[in-house]
Each structure stands twice: as structure tokens, then as C-alpha cells.
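Per-entry structural report
Residue strings, one per chain:
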Amino acid sequence: MYFAFKLVFILFAILLGMLFLAFLFTQWQARQISERYPNTGELIDVGGLRLNSVHVPRPEGADLPPLVFIHGASGNLRDPMMAFLEPLKGRAEMLFIDRPGHGYSDRGGDQNLTPDGQADAIAKLIEKRGIRRAIIIGHSFGGATAASLALRHKSMVQGLVFLSPATHPWPGGIDWYYDLANIPYLGPIFCNTLSLPAGLMQLDAGVEHVFQPNPVPEGYSERAAIPLVLRPQNFCSNARDVANLLVYVRRTQPRYKEITAPTVIVTGDSDDIVYEELHSLGLNRDIASSELVWVKGLGHKPDYVATDLVIAAIEKVAGLPRDLQKIARDVERRIAPR
């Protein structure tokens, strides 16, 4: 019995030692990531938390209304900014936002565990930036937040563009590491010790999975600062977002029929991240004013793979004549395997 107890004690001490080393590595690496991808935005208090954003003022000769971009899970404001800033420069006032707990934004209180609370915080930021009405562009999880903005702050939303949105109930659960990160007490230990080194090893494969079957643009992870999500606080915030999304969309989806703003939904038939036949088709069914643009061979990232189509969708929501279905067919020919 004594020797068994001693063995257990030794093994426990080794485990604690390994966790401590992992904790030190995580803290060091998190600082390295922050230094590698410094904040490029401005933190603004929106009541109880500060949201980070990059604001591009309205240029002379702008032909589009203000545009607000909301990133998806595991992302930050640089993701949409790297896709749309240059192509839309000189055409519109733009606001790129770190959702609460992502990038360099504060997390805030428990209200930000779901898209409605995040939408309220974003609405305050939009107001503080002096924007009265805007077209909201939401990708993936950002689609649920964009829909919440349209439901809770209708007067602010001139139109909506959903990109591979996550907005409807789905069968099954979520990835195991999200579940683990949400276990009381154990979750914070995981976020502060093992998630970052494991995430670094899987980062490239994860990015490829998000884009597949389409190729990853060269330098994407660097330009979009994807490693920021591996920092402990960002990882935990992201995991809580994902873990709370299913209950939220079950509760909120019946209200989507209240949305009357002009809406375009851009989605692909090869999305391995969300079920496009549930989310995008469901959103098109629920929002009477919506147009669904279905692209064969497109994965989860229309913002990068079909940027021209997304810009055309923004233009159409703004009232310009655009044949989105024709442009989608052009995209299909461009991305088809050779």
C-alpha cells in the first residue's frame, strides 16, 4: 500500500510539474503572439467593456453606405479587414470590429456569452463611431451576431450580407476541446496550459480545414493574425461562444422572420464547418427579403475565395443592380478543379 501511494504521489507530482511547464510556455508564447500581432485598432468604452475596432472614415465620392464587418469564431477584425479593406477603399466608411473577448476587445460580462449581448455592445460602438445606419456583413458566428443586430437594433441596419452563417440549430455537438474548455475549474487550466501548444501544432491543418476544398491564400494566417485566438483568454472566450451558440439559435431562430432589411446570403455547397443546408437555406426561408447565392465548390470562406461576389452582394443590398447568380456561376468556373 505504501509503495502504491508513493507511486501515485510521484506520478501526481510529475503531472503537476508538466502542467506548470506548460503554463510557463503558454504565458511566454502568448506574449510572443501579442508582440508579433500588435493591436492595430482603437479601444472604445461601450459601457462595462472596451471594444477594439478599426474605423475607416467616409471618403469623398463614396458610393456605398457605411459597412460594418463582424468576424466569425476563432477570428478577429483582421480577418475581414484583410479581405475587404483594399477592394473597398475609397467607396465607403468601414468599421472592422473585434467581437467581445476576441482580438484585443475586452470580454465584458455574462451577457456577452451569446450573440444578442455581443450585438448590443457592437451597436453601442457603431453609435460611438458616429454611424447611424450601415450594411452589416457577418461571417460564420458573426452571422448570428448580425441577425441579432437586425432584431434588436433595427433602425441601425440598412441591409445584411451573411457569409456562410451559423444561425440555426444543428444536430450533434461541438468539438471536444470546446467542451473541455467549458468544464468548471478544469477548463481554465486547459486554456492556460495545453490549448496553446496543441493549437500551434494544429494551426495549419485547422486553417486548411476551414478553407477546404479551396486553397488557403498565401500568407493568410499571418495577415489575419489567426494565432491570436490561441492566447488563453481569447481561447476561453471563443470556446464559450461556440458552446452557447446552439441554445441561443434554438431560442432566436423563430424570430428571424421579423427581419425585413434587404438581405443576401452567400454560401457554398462544400462547407465543412457549418451545415449550409440548415443555416443558409434556413435563413433564406426565414427572411422574406433575402436572396440566397449558392456556389458549387465553395467552402467556408467566401470572403477570400469569392471576394468579388461578396462585394457585389454588398452593392446589391445598397441598391445597385447586380446579377449575383451570374457572378456566382463565374466564381464556380474560376474555382473548379483543373
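Everything quoted here is computed from the prediction, not taken from an experiment.

Tallied over the full model, the rule gives 20 salt bridges. The salt bridge partner of aspartate 106 is arginine 50, with a shortest N-O separation of 3.2 Å. Here aspartate 106, found in the loop between strand E4 (94-97) and helix H3 (115-128), pairs with arginine 50, found in strand E2 (residues 50-56); they are 56 residues apart in sequence, far enough to count as distant. On the accessibility criterion, aspartate 106 (25% relative accessible area) is partly exposed. A residue is classified by how much of its surface remains accessible, and arginine 50, at 38% relative accessible area, is partly exposed. One salt bridge connects aspartate 241 with arginine 99, and the closest N-O pair in it is separated by 2.9 Å. Placement of aspartate 241 in helix H9 (residues 232-252) and of arginine 99 in the loop between E4 and H3 is noted, with a sequence separation of 142 residues between them. What makes aspartate 241 buried here is its relative accessible area of 0%. One network of salt bridges, with partners in common, ties together Asp63, Arg91, Glu315 and Arg322.

Two pairing modes exist for strands in a sheet, parallel and antiparallel, and in both the strands are linked by backbone hydrogen bonds. In spatial order, the strands read E1-E2-E4-E3-E5-E6-E7-E8; together these 8 strands make up an open sheet with mixed pairing. Looking at strand neighbours, the two that pair on one side only are strand E1 (42-45) and strand E8 (290-295), the edges of this open sheet. Pairwise comparison of adjacent strand axes, ignoring direction, gives a mean angle of 25 degrees for this sheet. Here E1 pairs with E2 via 4 bridges, running antiparallel. Paired with leucine 43 across the bridge in E2 is asparagine 52.

Parameters and conventions
Residues numbered from 1 in each chain as written. Predicted model: local features only at pLDDT ≥ 70, side-chain atom pairs only at ≥ 80, totals over all residues. Heavy atoms only, no water. Salt bridge = Lys/Arg side-chain N within 4 Å of Asp/Glu carboxyl O. Helix = DSSP H or I, 4+ residues; strand = E, 2+ residues; numbered from the N terminus. Buried < 20%, exposed > 50% of the residue type's maximum accessible area, 1.4 Å probe, protein only. Pairing = 2+ DSSP bridges. Axes fitted to C-alpha atoms, helices over the stretch in contact; angles between N-to-C directions.

Functional significance is not addressed by these values, which are geometric in nature.
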